[in-house]
Structures are given as structure tokens and as C-alpha cells.
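# Geometric and topological summary
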Amino acid sequence: MKTEFSLAQLADPDIAEADKILRACVHCGFCTATCPTYVLLGDELDSPRGRIYLIKEMLEKNRPPTQEVVKHIDRCLSCLACMTTCPSGVNYMHLVDQARARIETDYTRPLAERALRAVLAWVLPRPGLFRASMILARLGRPLAALLPTSKTASPSPTLLRRIKAMLALAPSRLPASGPSGGTTFPPLGARRGRVALLQGCAQQVLAPRINQAAINLLTRHGIEVVLVKDEQCCGALTHHLGRDGDALAAARANITVWLEEAGRGGLDAILVTTSGCGTVIKDYGFMLREDRDFASPAARISALAKDITEYLGGIDLRPSQQQHGDIVVAYHSACSLQHGQKITQLPKELLSKSGFVVKDVPESHLCCGSAGTYNILQPDIASRLRDRKVANIAMVKPDMIAAGNIGCMVQIAGGTSVPVVHTIELLDWATGGAKPGLS
Ligand code: SF4
Ligand code: SF4
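Okay, so let's go over this structure. Only a predicted model underlies this, so the values are computations on that prediction, with no experimental measurement involved. (Residues numbered from 1 in each chain as written. Chains lettered and ligands numbered in written order. Predicted model: local features only at pLDDT ≥ 70, side-chain atom pairs only at ≥ 80, totals over all residues. Heavy atoms only, no water.)

### Observations concerning the environment of proline 347
Definition in use: A helix here means a DSSP run of H or I that spans at least four residues, while a strand means a run of E at least two residues long, and both kinds are numbered starting from the N terminus.
Mapped onto the secondary structure, proline 347 falls in helix H20 (residues 346-353). The spacing of proline 347 and asparagine 405 is 58 residues in sequence and 12 Å in space, taken between C-alpha atoms.

Below, the structure written as C-alpha cells:
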């Protein structure tokens, strides 16, 4: 794609990066076929190619984002299916990240929407506040029935519709908190390795059982696990809201405490059980590439970050005598894992080797609609995607659904009675741990 940035514009590293990305696009449109919003809405402007044109126009003309641009960028899930499909290697992720940051700084949203986004950006990364908000939301759930429901799914939802979606996501009960930062779990037997385990934000409130399963499995296989003190949210939630100042501050804080921990006791890896977070931590090196003090430490942390399945692929898992041969598991491939991190086969291979009957889900490239805060901000598109995902999962008649991302797990569980578990819970069970209790 031809671009017309001036030399002065190209002096800005972000614009230079956008120019490189835009020039790689050859307008072929292959990406449209796998874009969930284009598949649902059929509007070119809700396709990757359409959005790329909108972003190009906005950046090239150095114009404030228009309402039209904001509408179509907001509808993008950042699922990155387009990046998997693109034959030219267009880095849509870095382009849309830049567009979201530009919208956040140069566009004034309606007051109510600004307030909602500010609340999400403040509450979700703070587990204590998030827990309190979940309790409040649970109490407020009866009110959800009184809020209006649109007769047709709207791609431009009202504030009340979003609040209704938020209340619907609140679980009926919350599990007790898991172990806190600063805790070290020694290995059983001889030590074969030492890792940090990302504590996560929403996950540690909604399902601390996931990291507990990871700790149990790792220590059982001789790996020491540390929950690093003063670790923060990875920044993914604010990054996807375009609040790059907040996201970069969180990244710098984490890099500092992780490197301190590596200096004290050594770290073979920083393991992540929430693939949405893993994709962003692996991108810290890019996000902080212009930061003189943090560019190199950020690149080091990105290299240390691994999805839990990547790490387990490198150690010899020891399945126990328990028999799982008759349990059919539908493997839901989270977008952040399959498109963001290109991890597709490994989780399924680990599950199969552990004795489960693993089934691929039809249309597995399509997002379930969770996408960070998307199911709150775009609840109607998100619900349609969830229903489609659940219908596809039902086709393989599973006993359980496995996924590697808490957002997907909550989203899918909202539409099915089939138990939804994390891949690590099944692997822990298969190697001598408890059967996933789902609480
Ligand atoms: S990230 Fe997903 S929703 Fe956004 S343009 Fe790409 S395929 Fe479409
Ligand atoms: S597939 Fe790639 S090159 Fe083709 S239009 Fe989409 S982003 Fe551009």
C-alpha cells in the first residue's frame, strides 16, 4: 500500500512503524474471510482491510479520529485472526494498538462512556477492587432483568446495555483468594528449575484454582515456583483500552520486580496461564523499544515470558495411572494463544499425551467474543460470537471444554452447561492432582 507521510511525520518512531506496516499491506483482502466482525456484520469497514484504510487516513492526514473511525476500531476484537491469515505479514496488532492510543488521546467520547472506560481501567487491574466490584455486581444482578434488552443485537450498544452485560458476567459466588505475592513454593524432590508465575488480575479473583493447579503440577515435577512480590497487572487491559501511559507504567513496574527476582534467585521463565496477558508481556520489548532505560530489560523479560504450555512442552510430564481415555475434551484455542502467540498444537498434544480424547472445534479461528473488556463494551457482537462458538463446540459433543485464557472460559461458560476448565487443570489432574473442582 502506498503511503504519503511527510519526512517530519516519519521522524516519529510510531509513525515510522505504522508506515512500515501499511506498506506491507497489498489490499488482497484475504484477511476479511477470517475476521469475526466482517463475518457477522458484512461491512468492509468492519474488516481488517477496511480498518487499515481508516487508520492510514487518520495517521497520514494527522486528523483527530472521527466518530466513524472510532466506531469501527472499537468493534475490532484485537483477536488477530487477520494476522494469521495475512500472506504479507502485516502487523495489524501494532497498527490497531497505535490507533487505539490515538483515539484515547485525541477523541472525546460521550461522558457516560468515558466514565465507564475509566472505571474499567481502574477496577479490573486491581484484584481487591475487582473482587469488591464482583460482589456489588452480584447483588445488582436482579436489576439486570429490569434493564432494557434490544430486540435486535446492536453493534452500537447503549450504556444501559453495557451495564446489563457487566452484571451478567458476575459469578454467583467467588472462591477464596489464592496465595499472595512474595510466596515461594519449593519443589518436591530435587530442584530442576525455578520460575515466576504471573498472578494475573481477574483470574486470581475468579479462578485461583488455575494457578494453584499450575503450582501443584510444577512443584510435583521439581520446579520451584515464585509469586513475585509487588507484581502488578501486566497492562493488557489498559493497553487494549488505548491507555498506553497506564499500560507502560505497569510494564515498567513488573520488569523491575521480575528482574530483581531473577537477580536474587534466578528465573528460567516467567510463566503465564492467561494467554491474553502472555501476548502483551511478550510484546513489552516492542512497547518499550524507545525507552532508553527499559528497552533492553523489556526485551529480556519478553524473552523470558512463556505460556505455561510452552514451558511444559520442554519438561517430561509424568502422567499418573489415572485413566482419562474416555473423557472427550473440546479444545478452545484462545485467539491470544493461536493468533497472538502462534501456539496451536502444543496444548492439544499435551492433553492427548496425558490421556484425554482431544477434539478440535469447528471454526476454531473465530473469537468467542470475550476479548478483554469487549464483552462489556460490545455486548451484542460478543454474544453472537459466543453463541456461535458454543454451537460449534456442541458439535464435537465434549465432556469438558479446555481453554488457556480466563476471559474465554468465563465467556464460553456463560452459554453452556458443559464444564469449562483451564488446560493446566486437566494436565495437573492427569499427573496426579485433583480432578478440576470448578470452584
Ligand atoms: S483483530 Fe480480529 S476483529 Fe480486528 S480486524 Fe483483525 S480479525 Fe478483525
Ligand atoms: S490479508 Fe494482509 S495484505 Fe491482504 S488486505 Fe489483509 S492485511 Fe492487507
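Further notes follow.
### As for the sheet that holds strand E3 (residues 223-226)
Selection criterion: Each pair of strands is called paired provided DSSP finds at least two bridges between the two strands.
Taking strand neighbours across the sheet as the criterion, the five strands line up as E1-E3-E2-E4-E5 in an open arrangement whose pairing is mixed. Every other strand in the sheet has two partners, leaving strand E1 (184-185) and strand E5 (305-307) as the edge strands with one partner each. By the bridge criterion, four bridges tie strand E2 (residues 193-197) to E3 in an arrangement that is parallel. Along E3, the bridge assignment pairs valine 195 with valine 225.

### With respect to the pattern of salt bridges
Rule in force here: One side-chain nitrogen of Lys or Arg within 4 Å of one carboxyl oxygen of Asp or Glu is enough to make a salt bridge.
As enumerated under the stated definition, the model contains 28 salt bridges in all. Two residues, arginine 194 and glutamate 261, come together in a salt bridge whose shortest N-O distance is 2.8 Å. Separated by 67 residues along the polypeptide, arginine 194 in strand E2 and glutamate 261 in helix H14 (residues 244-265) bring together distant segments of the chain. Here the salt bridges share partners, and the residues they tie into one network are Asp74, Arg109, Glu113, Arg117 and Arg162.

### Considerations on the site of ligand 1
Inclusion rule: If even one non-hydrogen atom of a residue comes within 4 Å of a molecule or strand, that residue is called near it. Amino acid classes used here: Ala, Val, Leu, Ile, Met, Phe, Trp, Tyr, Cys and Pro are nonpolar; Asp, Glu, Lys and Arg are charged; the rest, including Gly, are polar.
Taken together, the neighbourhood of ligand 1 is formed by 13 residues, with Cys35, Arg51, Cys76, Cys79 and Cys82 sitting nearest. Of the residues that constitute the shell around ligand 1, the class distribution is ten nonpolar, two polar and one charged.

### Overview of the nonpolar core
Worth spelling out the cut-off: Side-chain atoms within 4.5 Å link the members of a nonpolar core, which is a set of buried Ala, Val, Leu, Ile, Met, Phe, Trp, Tyr and Cys residues. Residue exposure (1.4 Å probe, protein chains only): buried if accessible area is under 20% of the type maximum, exposed if over 50%, otherwise partly exposed. By definition, residues are in contact when any of their heavy atoms lie within 4.5 Å.
Counting 50 residues, the largest nonpolar core has Leu218, Leu312 and Leu426 as its most contacted members. Broken down by element, the residue count for this core peaks at six residues, all from helix H12 (residues 208-220). Non-local contacts of leucine 312, meaning those with residues more than four positions away in its chain, are made with Leu217, Leu218, Leu317, Leu350, Ile424 and Leu427. In this structure, Met58, Cys82, Cys86 and Val90 belong to the second largest nonpolar core, which totals 27 residues.

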